[in-house]
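A structural walkthrough
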Amino acid sequence: TYKSKKPVQFLRVALMEVHGPTTEWFYVETFMSGDYTKYTSNTSYASHDSDVAQAFSHFTWDYSGGRMMVTDIQGVGSALTDPQIHSEDRGSFGRGNLGTYGMDTFFMRHQCN
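These figures come from a predicted structure and were not determined experimentally.

Thoughts on the pairing of strand β3 (residues 23-29)
Across seven bridges, the pairing between strand β2 (residues 13-19) and β3 is antiparallel. By the bridge assignment for β3, V18 is matched with E24. Following β2, the chain reverses through three residues before pairing antiparallel with β3.

Okay, structure coming up:
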């Protein structure tokens, strides 16, 4: 099982360009062995063991003055991958950026511990 030395650590991701008949792009990250868990979604889902993930999402919202939030947290233990960022600027961070709607749905289920 992948063990992180930090309470919350996102894996580094590399972008790989492959040339062939067409050019293709891939995201590549370190393989994580162990039980992969989806702690939170980019809306209101939170697993029963997601206290650290929820606290991190709440922290990112607070730190940004309520303008952004990191959600959709998943991984093995405290080694995390593939997060989604919600931002007041819906044009940033891809299609999963649900803006203030995504932040609001997080707080509908979140309870500080």
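That covers the picture; the talk isn't over yet.
Section: a nonpolar patch on the surface
Together, V13, L15, W25 and Y27 make up an exposed nonpolar region whose accessible area comes to about 520 Å². Those elements giving two or more residues to the nonpolar patch turn out to be β2 and β3. Relative to the elements of secondary structure, V13 occurs in strand β2.

Definitions and limits used
- Residues numbered from 1 in each chain as written.
- Predicted model: local features only at pLDDT ≥ 70, side-chain atom pairs only at ≥ 80, totals over all residues.
- Heavy atoms only, no water.
- Pairing = 2+ DSSP bridges.
- Helix = DSSP H or I, 4+ residues; strand = E, 2+ residues; numbered from the N terminus.
- Patch = residues over 30% accessible without salt bridge, like charges linked within 9 Å, V, L, I, M, F, W, Y side chains within 5 Å.
- Areas by Shrake-Rupley, 256 points an atom, 1.4 Å probe, with all protein chains shown as cover.
- Salt bridge = Lys/Arg side-chain N within 4 Å of Asp/Glu carboxyl O.

Coordinates in, geometry out; function isn't part of it.
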